[in-house]
Structure formats: structure tokens, C-alpha cells
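The chain contents come next:
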Amino acid sequence: MKKRKRLLLILGLISLVVFLSACAMTNEVTSESTGFWDRYIVYTFAQVIQWLSLGGNRGIGIILFTIIVRIILFPLMNFQTKSMRKTQEVQPKITALQEKYSSKDTETQQKLREEQQKLYQEHGVNPYAGCLPLLVQMPILMAVYQAISRVPELREGSFLWLRVLGEPDPYYILPVLAGIFTFLSTYLSSMSQVNPNSSVKIMNYVMPIMILVMATNLPGALSLYWVISNAFQVGQTLLINNPFKIRRERQEAERQAKQRERELEKAKYPGKKQRHKKRK
């Protein structure tokens, strides 16, 4: 149930971004703009991007801005990664509780929730911590979009084949790259899980498709932001939560556990093997 709620939360937040972006005010944002969001968020983002635009290239400014944002968010993402690892470690115990309290009556389900909460507290797990980075990134994404759309200096800039950053990529190169890196990011994250549930597997494909479709209709500058952000996420995952390394460690732990079981079995019945040979 919690995993379904998380899936719905992610889809809801993405839909909210699309809705608010479509309904965003069309007036330009300048130093004379009023309101906290326009003056201190959107305009500040635009100023930082312009300041980072080496040689006046707004595309480079967006790339550097995205990298800086990801570096600032690194501790939060690291916290999310550790929280996910803890959640995965207690997942077998959660499954055992769900089997033990499988009845759907109110009393049993209440007991299940209490036991799950107790287990989470014992292991220092917050099942909703994985949504925190997404909640933080959404306002940033919205601010970047509006800075590109409503600040002329960014909207009219160019980068490589993008003649106008405020318009969609005419060759669909960035939307495709955004979809690919989004898929790699979500897929690598799911690889480290013991038994990914259906909602995780669905998100591995739904999220990249949604990003691809949205990127074909939104400014190319936003697609560039998505590409760099998700490429950074891929590198970060391979660095601090490498799924290939985690799988090897998990397989080694399972091998050692089986080896200990065999040794205990031999210690428990030391003469079993000899008696078997004598019968032969």
C-alpha cells in the first residue's frame, strides 16, 4: 500500500509540475518584479544562470547551474540512498509480518501497522524518506522552467543546435537523451533492491516515457537541465550505491550464510557422513 502511495505521489507531483508550468504567468520577470516567487526565486535563478554563462553561452550556464544544484543536493540524495538500503534490509521481515497478519479485518491490519512501525523504529527506517529529494527538486524544476520561459535573456539564448533555448529541441536529441538517462537512473536504483515490486518496475518505464513526451513540448533548455541532472544521478548511483557491487556483496553474504548452515549441520551430526559411507 505504501509503495502504491509513493507511486501515486510521484505521478501526482509530475502532473502538478506540468499543470503549473502550463498555467504559469506569461509576464516577463525582471528586477522590478514583485512577489517572493518571481523576484527572489525565478529572477535569482535566472541571474545565477547568466552569471555562469561562460562567454555569454546560456547553455553552458544551465549545465553549470544544474551541476551545482546536484552537488548541493548530494547530502540529501546520499541520505535517501542510505534510507533505501535500510528499507531493503528489513523488507524480508516486513514480508514475514504481512504473511503473519494476512487477514484483512480491521484489528489485524491495525496490528500489522503497529508491528511495521515498531520494526522501522528499531532499524531507524523512514519509509517515506525516499520521497524527500523529489519534493525538494520539484520547486527547483519549476523555477528553472519559469526562468527560461519568462526571462528574455535566457529564453532568447542559444546552445549548439538549439537556436532558441526557449523553444523545443527541433531534432528531439535532448528529449531522447533525457528519456535514456532517466531510464538508466531509475533502472540502476531498482537493481539494488532484493525483489523490486511491480510499482518500481512500472516506474522504470513510465517515468522515462513521461520525461520524453514532456521534453518534446517544453523548452530545449529544460530538456538540457533534465539530461545533465539525470546523467549526474547515474554517476552518483554508480559511485555511492553501485548496484553491481551491492549484488556481489549480497551474493557473497548468501554464500557465506549457506556455508555456515552446512558447517552447523556437520557439527550437529558429525557421524552422519561416516555412517553413509559405511552403508555403501
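Conventions adopted
- Residues numbered from 1 in each chain as written.
- Predicted model: local features only at pLDDT ≥ 70, side-chain atom pairs only at ≥ 80, totals over all residues.
- Heavy atoms only, no water.
- Helix = DSSP H or I, 4+ residues; strand = E, 2+ residues; numbered from the N terminus.
- Buried < 20%, exposed > 50% of the residue type's maximum accessible area, 1.4 Å probe, protein only.
- Contact = heavy atoms within 4.5 Å.
- Areas by Shrake-Rupley, 256 points an atom, 1.4 Å probe, with all protein chains shown as cover.
- Core = buried A, V, L, I, M, F, W, Y, C linked by side-chain atoms within 4.5 Å.
- Axes fitted to C-alpha atoms, helices over the stretch in contact; angles between N-to-C directions.
- Parallel < 35°, antiparallel > 145°, perpendicular 65-115°, else oblique.
- Left-handed = near helix turned anticlockwise from the far one by under 90°.
- Nonpolar A, V, L, I, M, F, W, Y, C, P; charged D, E, K, R; others polar.
- Phe/Tyr/Trp six-rings, centres within 6.5 Å; stacked < 30°, edge-to-face > 60°.
- Lys NZ or Arg CZ within 6 Å of the ring centre and 35° of its normal.

Caption draft 1: Quick peek at the overall build of the protein. What the protein contains, in helices and strands, is twelve helices and zero strands. Buried residues in the protein amount to 40% of all 280 residues. A sequence separation of at least 24 residues applies to 72% of the contacts in the protein between residues at least 6 apart. In the form shown here, the protein has an accessible surface area of approximately 16900 Å², with 60% of it arising from carbon and sulfur atoms.

Caption draft 2: Representation of the nonpolar core. Counting residues in hydrophobic clusters, the biggest one holds 41 residues, and the most contacted among them are Ile62, Val144, Tyr225 and Trp226. Elements represented by at least two residues in this core include exactly α2 (36-52), α3 (58-72), α4 (74-100), α6 (132-150), α8 (173-191), α9 (198-215) and α10 (220-240). With eight residues, the single largest contributor to this core is α6. When sequence neighbours within four positions are dropped, the list of residues in contact with Val144 reads Phe45, Phe65, Leu222 and Tyr225. With eight residues, the next largest nonpolar core counts Val90, Tyr101, Leu112 and Val125 among its residues.

Caption draft 3: Summary view of the packing of α4 against α10. Where α4 meets α10, the axes come as close as 11 Å, and the angle between the chain directions of the two elements is 55°. With respect to α10, the axis of α4 lies oblique. Taken as a pair, α4 and α10 cross one another with a handedness that is right-handed. Contacts from Phe74, Met77, Asn78 and Thr81 in α4 reach Gln233, Gln236 and Ile240 in α10. Here the residues of the contact of α4 with α10 are counted per class, giving three nonpolar, four polar and no charged.

Caption draft 4: Fine view of the packing of α8 against α10. The interhelical angle for the contact between α8 and α10, taken along N-to-C directions, is 25°, at an axis separation of 8 Å. Considered as vectors, α8 and α10 are oriented roughly parallel to each other. Regarding α8 and α10, the two cross each other, and that crossing is left-handed. Where α8 abuts α10, its residues Leu174, Pro175, Leu177, Ala178, Phe181, Thr182, Leu184, Ser185, Leu188 and Ser189 lie against Gly220, Ser223, Leu224, Trp226, Val227, Asn230, Ala231, Gln233, Val234, Thr237 and Leu238. Split into classes, the residues belonging to the contact of α8 with α10 amount to 13 nonpolar, eight polar and no charged.

Caption draft 5: Just the side chain of Arg58, in detail. Relative to the helices and strands, Arg58 is located in helix α3. Of the residues examined, Arg58 reaches a relative accessible area of 18% and is grouped as buried. Setting aside residues no more than four positions away along its own chain, Arg58 makes contact with Ile49, Gln50, Ser53, Glu153, Leu154, Gly157, Ser158 and Leu165.

Caption draft 6: Representation of the packing of aromatic side chains in the model. All told, the structure shown has four aromatic pairs when counted by the stated rule. Relative to Tyr40, the ring of Phe36 has its centre 5.9 Å away and its plane inclined at 35°; by these criteria the two rings are tilted. Of this pair, Phe36 and Tyr40 both sit in helix α2, four residues apart, which is roughly one turn of that helix. The same class applies to Phe36 and to Tyr40, which are both exposed. Through successive ring pairs, a cluster of aromatic residues spans Phe183, Tyr187 and Tyr205. For the cation-ring pair, Arg39 lies above Tyr40, with the distance from its terminal atom to the ring centre recorded as 5.5 Å.

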